[in-house]
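Descriptive structure summary
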Amino acid sequence: MINRRSSLLPYDNQDRRNVNQDGLTDFFRDIGAIHSIDTLAFVCIGTDRSTGDALGPLTGSGLAAYGLPHIIGTMDFPCDAHNLHERIPKIADHLQVIAIDACLGRHHTVGLYSIGATPLFPALSVGGRFPGVGNYSIAAIVNENGPKPYWTLQTTSLHTVMKMSQDIVQAVVQGLGILK
């Protein structure tokens with residue numbers, strides 16, 4: 001269940017693309033053309049204990065404010081390394097999982113979103129070893145990778161993370177045509 005794949009998007013051949021917010025909105029339009037909102041589950045991975053890794057729970061809380069039915073990972077109840085293995089198997093098999101997490105990248109990619117119709121591998125940039133999550137995935141590139149990735153996430157600008165989280169929420173809302 002964790003790494004089910006969908007093969008309906010034009011860029012689903014295990015390739016990932018780095019896009020800006022407009023590309024992210026188009027990504028959700030493509031998903032919305034295939035799946036109804038009630039069949040989508042958003043797994044927003046991260047913790048509220050690290051500025052760089054707070055993107056997931058911030059995004060989950062933002063999506064929950066719009067009343068989306070299947071949100072895993074919010075500021076109140078993060079989906080992180082401590083409970084990911086318990087929470088993911090509880091997602092109903094009929095749901096299409098969209099995994100969202102922060103990541104580190106190259107200097108010129110900071111502020112972009114790595115998207116794909118592929119699973120996301122949480123904590124990869126800090127040496128974590130978790131199974132792939134999702135049919136679709138978004139990795140928000142919040143900072144530049146360096147020799148101490150864990151420290152880099154800890155000291156990433158909260159402003160950058162909050163803006164990117166808000167951009168993801170707006171891309172979901174616009175791309176899926178959600179009205180509030």
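Quick summary incoming for the structure in this document. (Residues numbered from 1 in each chain as written. Predicted model: local features only at pLDDT ≥ 70, side-chain atom pairs only at ≥ 80, totals over all residues. Heavy atoms only, no water.)

1. Section: the overall build of the protein
- A tally of regular secondary structure across the protein gives five helices and six strands.
- Start at the N end of the protein and walk to the C end: the helices and strands fall as β-α-β-α-β-α-β-β-β-α-α.
- Scored against the burial criterion, the 180 residues of the protein give a buried share of 52%.
- Taking the contacts inside the protein whose residues are at least 6 apart along the sequence as the reference set, 73% of them involve residues at least 24 apart.
- On the protein, roughly 8,600 Å² of surface is accessible, and the fraction owed to carbon and sulfur atoms is 53%. (Helix = DSSP H or I, 4+ residues; strand = E, 2+ residues; numbered from the N terminus. Buried < 20%, exposed > 50% of the residue type's maximum accessible area, 1.4 Å probe, protein only. Contact = heavy atoms within 4.5 Å. Areas by Shrake-Rupley, 256 points an atom, 1.4 Å probe, with all protein chains shown as cover.)

2. A few points about the nonpolar core
- Counting residues in hydrophobic clusters, the biggest one holds 33 residues, and the most contacted among them are Leu24, Phe28, Phe42 and Ile138.
- Going through the elements one at a time, α1 (21-34), β2 (40-44), α2 (55-64), β4 (96-105), β5 (113-116), β6 (136-144) and α5 (158-176) are the ones with two or more residues in this core.
- Among the elements that take part in this core, α5 stands out by supplying eight residues, more than any other.
- Formed by 16 residues, the second largest nonpolar core is a distinct cluster that contains Leu84, Ile91, Leu120 and Ile141. (Core = buried A, V, L, I, M, F, W, Y, C linked by side-chain atoms within 4.5 Å.)

3. Considering the sheet that holds β5
- With mixed pairing, the six strands of this open sheet are ordered in space as β1-β5-β6-β4-β2-β3. Every interior strand has two partners, whereas the edge strands, β1 (17-19) and β3 (71-72), have only one.
- Taken together, the five bridges between β2 and β4 define a ladder with parallel strand orientation. By the bridge assignment for β4, Phe42 is matched with Ile98.
- Along the sheet, α1 makes contact with β1, β2, β4, β5 and β6, crossing β6 at roughly 165 degrees. (Pairing = 2+ DSSP bridges. Axes fitted to C-alpha atoms, helices over the stretch in contact; angles between N-to-C directions.)

4. A short note on the packing of α1 against α5
- Between α1 and α5, whose axes approach to 8 Å, the crossing angle comes to 40 degrees. One way to sum up the angle between α1 and α5 is to call them oblique. In this structure, α1 meets α5 at a crossing whose hand is right-handed. Listed contacts from α5 to Gln21, Leu24, Thr25, Phe28, Arg29 and Gly32 of α1 are Asp167, Ile168, Gln170, Ala171, Val172, Gln174, Gly175 and Leu176. (Parallel < 35°, antiparallel > 145°, perpendicular 65-115°, else oblique. Left-handed = near helix turned anticlockwise from the far one by under 90°.)

5. A closer look at the packing of aromatic side chains
- Inspection of the entire model under this criterion finds three aromatic pairs.
- Where Phe27 meets Phe28, the ring centres are 5.7 Å apart and the plane angle is 70 degrees; that geometry is what we call edge-to-face. One exposure class covers both Phe27 and Phe28, and it is buried.
- Taken together, a centroid distance of 6.3 Å and an interplanar angle of 35 degrees make the contact between Phe28 and Phe42 tilted. Separated by 14 residues along the polypeptide, Phe28 in helix α1 and Phe42 in strand β2 bring together distant segments of the chain. Summarising the burial analysis for this pair, Phe28 and Phe42 share the class buried.
- Among the aromatic side chains, those forming a connected cluster through ring pairs are Phe27, Phe28, Phe42 and Tyr136. (Phe/Tyr/Trp six-rings, centres within 6.5 Å; stacked < 30°, edge-to-face > 60°.)

6. A closer look at the side chain of Thr59
- As for its placement among the helices and strands, Thr59 is situated in helix α2.
- A distance of 3.0 Å separates a polar atom in the side chain of Thr59 from a polar atom in the side chain of Ser165.
- Residues contacting Thr59, with those up to four places away along its chain left out, are Cys44, Ile100, Ser165, Ile168 and Val169. (Polar contact = N/O pair within 3.5 Å; in protein donor to acceptor, adjacent residues only side chain to side chain.)

7. Brief notes about the pattern of salt bridges
- Evaluation of the coordinates by the stated rule reveals two salt bridges.
- Two residues, Arg29 and Asp26, come together in a salt bridge whose shortest N-O distance is 2.9 Å. Highlighted residues: Arg29 and Asp26, both in helix α1, separated by three residues, approximately one helical turn.
- Taking the shortest distance from any N to any O, the salt bridge between Lys163 and Asp167 comes out at 2.9 Å. Taken together, the positions of Lys163 and Asp167, both in helix α5 and four residues apart, correspond to about one turn of that helix.
- On the basis of relative accessible area, Lys163 is assigned to the partly exposed category, the value being 43%.
- By relative accessible area, which is 12% here, Asp167 ends up buried. (Salt bridge = Lys/Arg side-chain N within 4 Å of Asp/Glu carboxyl O.)

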